[in-house]
Amino acid sequence: GAGVSQSPSNKVTEKGKDVELRCDPISGHTALYWYRQSLGQGLEFLIYFQGNSAPDKSGLPSDRFSAERTGGSVSTLTIQRTQQEDSAVYLCASSLRGWGANNEQFFGPGTRLTVL
Amino acid sequence: AQSVTQLDSHVSVSEGTPVLLRCNYSSSYSPSLFWYVQHPNKGLQLLLKYTSAATLVKGINGFEAEFKKSETSFHLTKPSAHMSDAAEYFCVVTSPRGYGGSQGNLIFGKGTKLSVKP
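Owing to the predicted nature of the structure, the values given are computational and were not obtained by experimental measurement.

Residue and element names in this part refer to chain B. Pairing of strand β3 (residues 19-21) with strand β9 (residues 73-78), which is carried by three bridges, proceeds in the antiparallel orientation. Looking at β9, one finds that L20 is bridged to T77. Relative to β9, strand β8 (residues 64-68) runs antiparallel, the two being bridged by five bridges. For K68, the partnering residue across the bridge sits in β9 and is S73.

Here it is as structure tokens:
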């Protein structure tokens, strides 16, 4: 079946504008994760959704960042009033069940965000 | 707290020669360890994982890694490099959710870029 998809693949925006990044997880996967991959910084965890539970937002860097997951499927990551330091590749992953070493996370190709 | 250090940001090998990508971890609890690979413009793919079973773990594409608790290492190896192995490799550590306050999330190293010369 189809893997995790993300859109857009590339996004260029001006400082101060809001952006929305979309993630379509693998069908049937209950868990969804957002990560940010910055140059020279590696990957950092942002937020985690599992079923109908309240999301784990412990990785969000500021209150300009928020995410939703509608209907237990598609997720949108929103960045308000973008700053140049928000420029990065935003990766989405899903897994059949929640956190755990035996629940492999499948990653999408990412959205490359450039804030001018 | 958990952390992972990839000792080389860039490794270059010739095709047909062995590959060694080094990773050291720090964990207060029994960790689970992973290696992911990221080819250019593609998503991260799981290569292999260690979850307290056999210490020598075999993964896809001929890669393997050995968990050495005494050295807190989880180095990735392959006997003979192929051109298609050129990619960025990430060592990842996690611990069970709820242990010592851990969120159980994946903690990534900064990555090692592997170049393979013909």
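Residue and element names in this part refer to chain B. With the rule as written, the count across this model stands at two disulfides over all chains. Disulfide pairing places C23 opposite C91 at an S-S distance of 2.0 Å. Where C23 bonds to C91 through sulfur, the torsion about that S-S bond is close to -70°, and the disulfide is left-handed. With C23 in strand β4 (residues 23-26) and C91 in strand β10 (residues 87-94), this residue pair connects regions lying 68 residues apart in the sequence. The same class applies to C23 as to C91, namely buried.

A word on the nonpolar core. By size, the foremost hydrophobic cluster in this structure holds 26 residues, and its most contacted members are B:W35, B:L48, B:F74, B:L76 and B:Y89. Top element by residues in this core is β10(B). It accounts for four residues.

Our focus in this paragraph is the packing of aromatic side chains. Throughout the structure, instances matching the rule amount to 14 aromatic pairs over all chains. Ring geometry for A:Y33 and A:Y48: centres 5.1 Å apart, planes at 15°, overall stacked. Here A:Y33, found in strand β4 (residues 31-38), pairs with A:Y48, found in strand β5 (residues 42-50); they are 15 residues apart in sequence, far enough to count as distant. A relative accessible area of 0% places A:Y33 in the buried class. Considering the side-chain rings of B:F34 and B:Y36, the 6.4 Å spacing of their centres and the 35° angle between planes classify their relative orientation as tilted. Given a relative accessible area of 4%, B:F34 falls into the buried group.

Definitions and cut-offs
- Residues numbered from 1 in each chain as written.
- Chains lettered and ligands numbered in written order.
- Predicted model: local features only at pLDDT ≥ 70, side-chain atom pairs only at ≥ 80, totals over all residues.
- Heavy atoms only, no water.
- Pairing = 2+ DSSP bridges.
- Helix = DSSP H or I, 4+ residues; strand = E, 2+ residues; numbered from the N terminus.
- Disulfide = S-S within 2.5 Å.
- Buried < 20%, exposed > 50% of the residue type's maximum accessible area, 1.4 Å probe, protein only.
- Core = buried A, V, L, I, M, F, W, Y, C linked by side-chain atoms within 4.5 Å.
- Phe/Tyr/Trp six-rings, centres within 6.5 Å; stacked < 30°, edge-to-face > 60°.

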